[in-house]
Amino acid sequence: MKPFSELMSLKGRTALVTGGASGIGYAIAQRLAEQGARVCLVDLSDHVTEAANRLPGTGHSGVQANVTDEDAVLRSCNEALEAFGKVDILVNNAGVALIAKAGELTTQAWDTTLSINLRAAFLFSRTLGPQMCKNGFGRIISMASQAAVVALEGHIAYTASKAGILGMTKVLAYEWGPHGVTANAISPTVVETELGKKVWAGPVGDAFKAQIPTGRFAQPDEIACAATYLASEAAAMVNGENFFVDGGYTIR
Ligand SMILES: NC(=O)c1ccc[n+]([C@@H]2O[C@H](COP(=O)([O-])OP(=O)(O)OC[C@H]3O[C@@H](n4cnc5c(N)ncnc54)[C@H](O)[C@@H]3O)[C@@H](O)[C@H]2O)c1
């Protein structure tokens, strides 16, 4: 039996993390890199290369790109494939939360949300999945949310996008599982990042926290540890799953 640390090692693996310059994406990239993977961060931010250079180890890269732009998605994937020769782990993490009640959300906010949170995840998966299947190994990890499975006020577009991630994940898991490629989603409760703080600041957040059995919000690294497990050899039989990291919020 291999030691657990060996099963968790990502030495020789390569990863692409969307929205990887900050928040949960950066935390995931840090853990993947710490386990030995070379990581390509894809992000809108001007600081994406700087963020890649701060990761543990060497050989990382950053690509500045808007994931709503299909050409930019292809360019990002090609840059990662050219730099690494393959991409073993795809983390579909870039996301926005545009909050408004159902009767008030603009069409533009709906389209932007679906384009970043769901369409981009499909574009990256469609581009990188086939080479994973050919290589006989792959991990597709997509950020969903507690909001994928429970109704939260003002989250109409966000919930639709995250529920879409769960559906997409199941089909990818079914189609590509036979080729050594797993697809899983992670559904956190509120995570204390820029996005989380913006939506859940003040009394609304305090009231919400009181409903989480563990009594607090999550930290980015707690999501990163779940993602790193799913990326590892240890999780080879976890496929098509929605992995809650929500302190038990959705158990009721
Ligand atoms: N923070 C939370 O409470 C929470 C809870 C559940 C799920 N999530 C999900 O986790 C993921 C990451 O969230 P976060 O809290 O780290 O967000 P964040 O806002 O802190 O970081 C998001 C990153 O994505 C990048 N990004 C946004 N739009 C982009 C685009 N069009 N193209 C390229 N990059 C883009 C940003 O530049 C930023 O670096 C999202 O999918 C989010 O829906 C977050």
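Above: the structure in question.
About the cut-offs
- Residue numbers here run from 1 along each chain, matching the order of that chain's written sequence.
- The predicted nature of this model means local features are confined to residues of pLDDT at least 70 and side-chain atom pairs, given and counted, to a pLDDT of 80 or more, with totals for whole chains, interfaces and linings taken over all residues.
- Derived side-chain values reflect all non-hydrogen atoms in the structure, with water molecules and hydrogen atoms excluded from consideration.
- We call a set of buried Ala, Val, Leu, Ile, Met, Phe, Trp, Tyr and Cys residues a nonpolar core when their side-chain atoms join them within 4.5 Å.
- With a 1.4 Å probe rolled over the protein chains alone, any residue whose accessible area is under 20% of its type maximum counts as buried; one over 50% counts as exposed, and the rest are partly exposed.
- Note on conventions: DSSP H or I runs of at least 4 residues are helices, E runs of at least 2 residues are strands, and numbering of each starts at the N terminus.
- In this scheme, a helix's expected span is set at 1.5 Å multiplied by one less than its residue total.
- Residue contacts follow a heavy-atom distance rule, with two residues in contact if any of their heavy atoms lie within 4.5 Å.
- We call Phe, Tyr and Trp rings a pair once their centres come within 6.5 Å, taking the six-membered ring for Trp, and we label the pair stacked below 30 degrees between planes, edge-to-face above 60, and tilted otherwise.

1. Thoughts on the nonpolar core
Link 1 in the chain: Ranked by internal contacts, the top residues of the largest apolar core, which has 36 residues, are L16, V42, F124 and I140.
Link 2 in the chain: If you list the elements that add at least two residues to this core, you get β2 (38-43), α4 (70-84), α5 (107-135), α6 (156-176) and β6 (181-188).
Link 3 in the chain: Counting 34 residues, the second largest nonpolar core, distinct from the first, contains A27, L41, I141 and M143.

2. Concerning helix α9 (residues 220-231)
Link 1 in the chain: A rise of 1.5 Å per residue sets the reference length of α9, with its 12 residues, at 16 Å; its end C-alpha atoms lie 16 Å apart and thus fit the reference within 8%.
Link 2 in the chain: Within the span of α9, buried status applies to P220, I223, A224, A226, A227, T228, L230 and A231.
Link 3 in the chain: Elements that come into contact with the buried residues of α9 comprise α2 (23-34), β4 (89-92), β5 (138-143), β6 and β7 (242-245).

3. Focus: the packing of aromatic side chains
Link 1 in the chain: Counted by the stated rule, this structure contains 3 aromatic pairs.
Link 2 in the chain: Between W200 and F208, the ring centres sit 4.5 Å apart and the planes meet at 45°, which makes this aromatic pair tilted. Of the two residues examined, W200 and F208, each falls in the buried class.
Link 3 in the chain: Aromatic side chains F208 and F217 sit 6.5 Å apart centroid to centroid with 45° between the ring planes, which places their arrangement in the tilted category.
Link 4 in the chain: What makes F217 buried here is its relative accessible area of 6%.

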